[in-house]
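Structure at a glance
So the chains spell out like this:
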Amino acid sequence: MIEYIIKLKRKTRNILQDDWVWKMAWRDARHNFSRLFLFVASLITGIAAVVSLDSLNNSLQQDIDRNAKELLGADMVINGNRKFEPELEVLFDSLKHPQANEADMASMVLFKQSGQSRLIRLVALEGDFPFYGAIETLPANAYSLMREQGYALLDETLASQYEVSSGDTIKVGNSFFEVAGVVTKIPGGGGILSTFRPSVYIAMSQLDSTGLVQFGSRVNYRKYLKTESDAETEALEKAIRPEVRKLGHGYDTVQERKEELGEAFQSVYRFFSLLAFLALILGCIGVASSVHIYAREKRDEVAVLRCVGSSGWQAFNIYFIQIFLLGIVGSVVGAALGLGIQQLIPVVFKDMLPVEVSFTVSWVSFAMGVVIGTVVSVLFSMLPLMAVRFVPPLTVLRADFEPARIFSKARLAVVVLIVLFPMFFAALQTRSVWIGLAFFGGLAVALGLLTLVAVLLLFLVRKYFPANASFIWRHALSNLYRPNNQTRMLMVAIGLGAFIITTLNVVEKSLLSQVEFSGQENQSNTILFDIQPSQKDGVVKLMEENNLPVNQVVPIITCRLSELKGKSVEEVQKDTTDRVPNWALTREYRVTYRDSLHLSEELIRGELQKKTSGPDSVWVTISEGLHEELDVKEGDSLVFDVQGIPVKVRISGIRKVEWPKDPPNFIFVFPTGVLEQAPQVYVTATRVDDQQIANKFQRELIMSYPNVSLIDLRLILSTVNDLFNKLGSVIRFLALFSIITGLVVLSGAVINSKFVRMKENVLLRTIGARTRQITRITLIEYAYLGIFSALTGMILSIGGGYLLTTFFFKIQFAFDALELVTITLGVVLLTMFIGWWNSREVIATPPLQVLRKEG
Amino acid sequence: MSQHVLQAEALTKTYRSGSGSLTVLDNVSFSVRQGNTISIVGPSGSGKTTLLGLCAGLDVPTSGVISLMGFKLNAMSEDDRAYIRNQYVGFVFQNFQLLPTLTALENVMVPLELRGEKHVRNKAKELLERVGLGNRVDHYPSQLSGGEQQRVAMARAFITDPKILFADEPTGNLDDENASHVTELLFSLNKQQGTTLVLVTHNLELARKTERILRMKGGKLMEEELVGA
């Protein structure tokens, strides 16, 4: 019988006290850094995306805060789309605060030198506007020339587009103005608005002489007020709010403008955050996948170390130290790269921002990037590294020895943290727990579905295996489910990459489809409005003389709501339970009358025309969308104030309107026989395809009918296209991170499967398979993987794109099937290429070399 | 009478595979005294490598008891067994098992460094000189021939002055000339340091250089031969 008398007293050392693990970490890593390239690449791209976006956000927020007063140019602005009522003017006169006035309206401008014309925003200014910031002009005295001597100023974009310079003459309405110079900066102006509708500035005293302000013209009035303190602004707001609100005007304070801008930017930021989130999550998968490969490669070495006496934790610590230190380096590089990229973004971004952004370096974002990168590198490498602890020393004798799975509390804790991390990060990125959860939920659903499809695929492949197919096809297909297959991992990685790319494409297409209207045949691309009844026949004649089709001549009557479902507008405003927005109650409605549907319309509920007798005999249709805002359905009554005359109507039906299609389109359409006698103006539409005819027609129109404005939709379309191209490049630029990270993950996953393929292929070669056959097997296998995962990603993206466009962007969902198929094919080819590229070594390795190694 | 360095009592090792099980070692008992040399021979699949793995604490038996230097290995954790290996055991493997990222010298130093010992460089150099590789200390395994790699492995095995050395087919991957050089070294170092040697081999000629031969077949210990008796 054996007696056991010796008890073991083993000293254990923690990672900081154990010199040996640090020494080994260095020795092992010094010639080995390239092995961790995938790890560092995943980390750098993920962190760069996060830092560039976060830093951009921080500097934008700072700039908005810093320039808030300059955005408005005053402490408070009261705005209305009609002249302020006498009682309001009395109220303004009673205030001691400095005031300035502005009126703006759409108008045509004719550049006398070139003979060209276009629609502009005419801005008339009066008083010491702006109270904050400055109107910067070239030459510097141009603004005072405009105020004092009746000159005009032009937005810089307009002047450069039409090659107008100081001293040139322009015609606005009935008046000619000499150009004093260009406006390079104006509070609240510039940015995207000036791209769409550039402004011409004149003094308020000159406005009447243009003859543009007449019946039917839409003029916006603004009153700028300056206060001495925030408390004074608050008091002023309290004093004028009831009157302003009652009369249906709006007002804006610096704080509100700041919040509006912040909110508007927040939506964009959240969208970009989604990209950063995806890039980082892909980065995390990349980290886990690359460390998994690394740990797998180190298995034999760990077994030797275990043989000569290293503990499981010591072996783990060697690689942990490497990953941790390299993780910090990768995070710092990624964060620095992110800051660098942030400096590049303004190149494409600057025209779209409301304030001049200084793009300062945000060290907070940098620090956050380094911390997140380090956490990601530690957290996501933990699980594969943990496997090192359990490498059995017996592996030195039996390479294929696989130990039983060991339960480890540490492993469980890491899994829990890995699940919690994306949730926490998404909430941090979007500054909202709910949006964070939604992002996380979306990701979980996408990952879950991709995994499900992979499992289903494996099941179906086994169940309906094509036993009669050729050896190559059968072998490639069976590779999908053989032991140690990477099918699930690859499907998720490729599918997620495809999902991101196609979702971006769907969103972009949906956004673009909103403006792609004038390209369609026979649809109007030019709209003429503010035509007085006396001018109608003349304008139509002018169109006919130029051989232009007269697509629509539509009467427009302006009116306001005075009653909604039996309650006066004031009562609805006071009723706190009523959720009808104030703007929908007080706005000016431009309605028309006709007895048929326009080609852009479809009746979705009720009747187009309803004939009843009695006092409720006027039945109108309302557009979809506004019926929800006004909370009205068929049969509900409304009273319109048509130039002082109340007209009671009932809703007969609801129309779905494709607003961009063949404009103009209307919210309310009256039946004929009701409004014919009301004061009205006309709008007409035509289609012009030849630029020379367009120029000639515009010139003749402005000379004969200076008050008639013309919208060239082609010009707007090209501006919008330009804008989307810019926006698209920003999105694509940022999406590139996700895509690059996706490719890194894909390579990682493919390399991961290389070890399994190596043995298989060598055996095949040994028994006589040719290189061509092995290459074909490899290509077919990755083609299967690529097709199934890209298809899943594409189908998911249609769902995701639908949700994003419907609920996030609130636009109509659209996609281009051909482009989606192209992207899917691209992903499949890319997968095949990466699969083949990474397998070249396997294919080219002489069998003996591997067999010896295995022996 | 010298003490038993290694004692195996009724060792059985069974692997589960799917629904069935496979017994690769069946009720094997033997013991080895301090300074003895012993070889385990037998055809492929006879269980000799499994027996070596169990004796060295690289795996645990399904049943039975192993005592190494008085420690009952079955009851120990993997990390405790690793500690025992580091303190008392040396290894030489058929495929050398050097760490590819470490130089020859560093490979030899590892076991002592693991103990937390400092200034081990000179001792490692001395050993490398004794195995004839004094001029190859800074070479990586990939820069050495098979015979040289095995000599580095032996220097690594002997640097801790192990009480027992386990060698698994130490000449299996070498040509005749290198094999005889390595064999000579193995036995001379063993003699000089008074190490117990447990050798697993197919090579009967090599086995006959040890004092005892255990013959394995089908997982059982069939007979024991005292060489020269």
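Residues numbered from 1 in each chain as written. Chains lettered and ligands numbered in written order. Predicted model: local features only at pLDDT ≥ 70, side-chain atom pairs only at ≥ 80, totals over all residues.

**Points about the overall build of chain A**
Applicable threshold: Secondary structure elements follow DSSP: runs of H or I no shorter than four residues count as helices, runs of E no shorter than two count as strands, and numbering proceeds from the N terminus. Comment: burial labels come from other C-beta atoms within 10 Å of the residue's own C-beta, placed from the backbone, where a count of 20 or more is buried, 12 or fewer is exposed, and between is partly exposed. By definition, residue pairs are in contact when their C-beta atoms, positioned from the backbone, come within 7 Å.
For chain A, the helix and strand inventory stands at 26 helices and 21 strands. Across the 855 residues of chain A, 42% fall into the buried class. Residue pairs in contact within chain A that sit at least 24 positions apart in sequence constitute 85% of those at least 6 positions apart.

**Structural notes on the interface of chain B and chain A**
Filter applied, for reference: Throughout, the ten residues Ala, Val, Leu, Ile, Met, Phe, Trp, Tyr, Cys and Pro are labelled nonpolar, Asp, Glu, Lys and Arg are labelled charged, and all others, Gly among them, are labelled polar.
In this assembly, 31 residues from chain B lie in contact with 25 residues from chain A. Contributing elements (two or more residues each) for the side of chain B that touches chain A: strand E1 (4-17), helix H1 (48-55), strand E4 (63-68), strand E5 (71-72), helix H2 (78-88) and helix H3 (104-114) of chain B. At seven residues, H2 of chain B tops the list of elements feeding residues into the side of chain B that touches chain A. Split into classes, the residues belonging to the side of chain B that touches chain A amount to 13 nonpolar, eight polar and 10 charged.

**Some points on helix H4 (residues 121-130) of chain B**
All names here are of chain B. Rule in force here: Directions drawn from the helix axis to the C-beta atoms are what define this arc.
Taken together, the buried positions of H4 are occupied by Ala124, Leu127 and Leu128. End-on view of H4: buried residues confined to an arc of 100°, all on one side of the axis. Residues of H4 that are buried sit in contact with H3 and helix H5 (146-158).

**Structural notes on the pairing of strand E2 (residues 99-111) of chain A**
Residues and elements named next belong to chain A. Applicable threshold: A strand pair is defined by DSSP finding two or more bridges across the two strands.
Among the 13 residues of E2, 10 are classified as buried, and the element is accordingly described as predominantly covered. Direction of pairing for E2 relative to strand E9 (residues 219-225): antiparallel, over a ladder of seven bridges. Pairing of Gln99 across the sheet is with Leu225, part of E9. Across 11 bridges, the pairing between E2 and strand E3 (residues 117-127) is antiparallel. Paired with Glu102 across the two strands is Leu125, which belongs to E3. Hairpin connection of E2 to E3: five residues between the antiparallel strands, including Gly115 at a positive phi of 80°.

**A closer look at the packing of H5 of chain B against helix H6 (residues 176-193) of chain B**
Residue and element names in this part refer to chain B. What counts, and what does not: Lines are fitted to the C-alpha atoms to define the axes, a helix being fitted only along its stretch in contact, and any angle between axes, read from their N-to-C directions, falls within 0 to 180 degrees. For classification purposes, an angle smaller than 35 degrees is called roughly parallel, one larger than 145 roughly antiparallel, one from 65 to 115 roughly perpendicular, and anything else oblique.
Where H5 meets H6, the closest approach of the two axes is 10 Å, and the angle between their N-to-C directions is 10°. For the element pair H5 / H6, the angle class is roughly parallel. The segment H5 lies against H6, with Gly146, Gly147, Gln150, Arg151, Met154 and Phe158 engaging Asn178, His181, Val182, Leu185, Leu186, Leu189 and Gln193. Classifying every residue of the contact of H5 with H6 by side-chain character gives six nonpolar, six polar and one charged.

**Quick notes on the pairing of strand E17 (residues 637-642) of chain A**
All names here are of chain A. Of the two faces of E17, the one lined by Leu638, Phe640 and Val642 is fully buried and the one lined by Ser637, Val639 and Asp641 carries no buried residue. Relative to E17, strand E12 (residues 552-564) runs antiparallel, the two sharing four bridges. When the bridges of E17 are listed, Leu561 appears paired with Phe640. By the bridge criterion, six bridges tie E17 to strand E18 (residues 645-657) in an arrangement that is antiparallel. By the bridge assignment for E18, Val642 is matched with Ile645. Here E17 folds back onto E18, and the loop between the two strands holds two residues, one of which, Gln643, carries a positive phi near 50°.

**A look at unusual backbone geometry**
Residues Phe129 of chain A and Pro130 of chain A are joined by a peptide bond in cis, for which omega reads 0°. Its place among the elements puts Pro130 of chain A in the loop between E3 and strand E4 (136-138). Omega for the peptide link from Leu138 of chain A to Pro139 of chain A comes to -5°, which places this bond in the cis form. Structurally, Pro139 of chain A can be placed in the loop between E4 and helix H5 (142-149). Here the phi dihedral of Asp161 of chain B falls at roughly 50°; this positive angle occurs in a residue that is not glycine. In this fold, Asp161 of chain B is placed in the loop between H5 and strand E7 (164-168). The exposed category is assigned to Asp161 of chain B, around which 12 C-beta atoms lie within 10 Å.

**Quick notes on the packing of H3 of chain B against H5 of chain B**
Residues and elements named next belong to chain B. Put simply, the rule is: Crossing chirality is assigned from the near helix's rotation relative to the far helix, an anticlockwise turn below a right angle marking it left-handed and a clockwise turn marking it right-handed.
Viewed as axis vectors pointing N to C, H3 and H5 meet at an angle of 25°, and their least axial separation amounts to 7 Å. Taken together, the axes of H3 and H5 are roughly parallel relative to one another. In this structure, the crossing between H3 and H5 has a hand that is right-handed. Within the contact between the two elements, H3 uses Ala104, Asn107, Val108, Val110 and Pro111 and H5 uses Val152, Ala155 and Arg156. Of the residues assigned to the contact of H3 with H5, the class counts are six nonpolar, one polar and one charged.

Read these as geometric descriptors, not functional statements.
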